[in-house]
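# Observations on chain architecture
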Amino acid sequence: MQSILYTHIQAILDASHDGIIAVDKNANIVLVNKIAIEILGLPDKIVGEKISKYIPNSDMLRILSTGKREIGDIATVLNQQIIINRLPIIVEGEIIGAISTFKEITDIQKIEMRIRKKFLESGLEAKYRLEDIAGDSPVFTEIKELARNFAQTDATVLILGESGTGKELFAQGIHLQSQRVNGPFVAVNCAALPGNLLESELFGYEDGAFTGARKGGKQGLFELAHGGTIFLDEIGEMSLPIQALLLRVLQEKKVRRIGGEKIFPVDVRVLAATNRDLEELIEEKLFRSDLYYRLNVLTLEIPPLRERLTDIPALCTSIIHEFNDKTNKKVTGVDAQIYELFQQYHWPGNVRELRNVIERMFLLAQDKTLGIADAQFFKRKAEATKLRVAMQREKKTVQSEEEMIASVLERVHGNKTEAARLLGIDRTTLWRKLKRK
Ligand SMILES: Nc1ncnc2c1ncn2[C@@H]1O[C@H](COP(=O)(O)OP(=O)(O)OP(=O)(O)O)[C@@H](O)[C@H]1O
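Calculation rules
- Residues numbered from 1 in each chain as written.
- Predicted model: local features only at pLDDT ≥ 70, side-chain atom pairs only at ≥ 80, totals over all residues.
- Heavy atoms only, no water.
- Helix = DSSP H or I, 4+ residues; strand = E, 2+ residues; numbered from the N terminus.
- Contact = heavy atoms within 4.5 Å.
- Pairing = 2+ DSSP bridges.
- Axes fitted to C-alpha atoms, helices over the stretch in contact; angles between N-to-C directions.
- Domains from an automatic or database assignment.
- Polar contact = N/O pair within 3.5 Å; in protein donor to acceptor, adjacent residues only side chain to side chain.
- Salt bridge = Lys/Arg side-chain N within 4 Å of Asp/Glu carboxyl O.
- Buried < 20%, exposed > 50% of the residue type's maximum accessible area, 1.4 Å probe, protein only.

### A few points about the environment of Gly 333
Note that Gly 333 resides in strand E15 (residues 333-334). Along the sequence, Gly 333 and Ile 405 sit 72 residues apart, while their C-alpha atoms lie 54 Å from each other. The residues contacting Gly 333, other than those within four sequence positions of it, are Ile 320, Lys 368, Thr 369 and Leu 370.

### Things to note about the side chain of Thr 229
With respect to the element layout, Thr 229 can be found in strand E10 (residues 229-233). Excluding residues within four positions of it along the chain, Thr 229 makes contact with His 175, Arg 180, Pro 184, Phe 185, Val 186, Val 268, Arg 269 and Leu 271.

### A short note on the sheet that holds strand E6 (residues 157-160)
Read across the open sheet, the five strands follow the order E7-E10-E13-E6-E14; overall the sheet is parallel. Strands at the two margins of the open sheet, each flanked by one partner only, are strand E7 (185-189) and strand E14 (298-301). The mean inter-strand angle of the sheet, taken between neighbouring strand axes irrespective of direction, is 20°. Strand direction decides the pairing type here: E10 and strand E13 (residues 269-274), joined by four bridges, are parallel. Bridge pairing links Ile 230 to Val 270 in E13.

### Quick notes on the side chain of His 175
Within the secondary structure, His 175 is located in helix H7 (residues 167-177). Residues in contact with His 175, not counting those within four places in the same chain, are Ala 126, Arg 180, Val 181, Gly 183, Pro 184, Phe 185, Gly 228 and Thr 229.

### With respect to the domain arrangement of the protein chain
Taken domain by domain, the protein chain holds domain 1 (2-104), domain 2 (115-301) and domain 3 (307-437). Taken over C-alpha atoms, the centre of domain 1 sits 67 Å from the centre of domain 3.

### Examining helix H17 (residues 416-423)
Capping the start of H17, Asn 415 holds a side-chain oxygen 3.2 Å from the backbone nitrogen of Thr 417, two or three residues further along. Immediately beyond the C-terminal end of H17, within one or two residues, lies Gly 424, with a positive phi of roughly 75°.

### Overview of the pattern of salt bridges
For the structure on display, the rule yields 21 salt bridges. With a closest N to O distance of 3.6 Å, Lys 326 and Glu 322 form a salt bridge. Of this pair, Lys 326 and Glu 322 both sit in helix H13 (residues 312-327), separated by four residues, roughly a single helical turn. Here Lys 326 falls in the exposed class, since its relative accessible area comes to 58%. Shared partners join several salt bridges into a network, and the residues in it are Asp 59, Arg 62, Glu 70 and Arg 86.

Now the structure itself:
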């Protein structure tokens, strides 16, 4: 009777697509199916033998001692790469054995893993979700809401804002919230590469397209972003010839590699960002107006940090979390005095600058909270910038006062008494101001 049941169990196990091996509490093999034998290249008759005889340092021994499940591990066993689950068999609180089920990592999975790794290494994967972007001021909350709405469409979005305001984070967030979430996210900094190189990066090239071209040609980033999103950062720095090529790709949804005949259809959503005034660049003939209208279907304007100082506490918390994770420190927060100091500063480098300041304080910190003692360097810097800004403002007033006096004097043909009357000052003051010139 028992042997019929055993035969049944063995048949059930052999019908599985996963490899299965079970051991008793002494690590003797009690069950193994055909697939397990095939994947690991084991001999046929191993039931009753110690598992370590065939798989030295088997992880099953660990499960027998810890009693903990381990799910989805990627392991190399007997030179085979497998995805494996290991489970204890517990009866009435006692570990009486362990079972492992595993699959070979297929070629497709291997390729997928390699591609994913490449994406990660070269920054081709979006990480920040919109909800991860710190900031709870009314204006910032509204922008996040707008971005969420934009994400639902497939339209081009132009993200505007000073350097360091978080434009790239929004691009990542929009991609992750969009229907293209499972496709690639390709970020390109248009200012980082000189014209020719940017062209070959974006559109790719065929074998022998130019001297130094890689054999076999190269896929461009537009092709790589197929099915996903391309983020063109610092679009204002793109040269006019590349702007023309980009416009064609946007209009035709096709790319032709440099030196190539073949045309590749591409399905890519474009997000672009700049800290430049594109309308001004159009006037200066440095940016094509037709490209501007194509890109500027939806606009997201990220205000500078000095216009949303109430975001600072949330930003500090988020940045501290990130550094805690990276460094294994356990900083819990920031003293109230620091917030006060931060809120008096005008942050020309925006959140990037805030991040750098916190990073430095983090390194200096002796306590669990970041205090004023860790911020001396920032205090000095803030005071120096305050002084510089005040001096620049004063210089500007002096300049504009001088210009005003000169223009009034010109209007009254050099008549100082008349000029003083028009300026609302007495003659001696006018004399003094003229002498200062
Ligand atoms: N709201 C935010 N929450 C958390 N971190 C932020 C936020 N905004 C910006 N940062 C951080 O500040 C830095 C600059 O952000 P990002 O690169 O997105 O800015 P940017 O506007 O694209 O800058 P640039 O124009 O110079 O390319 C990054 O390290 C980013 O993680």
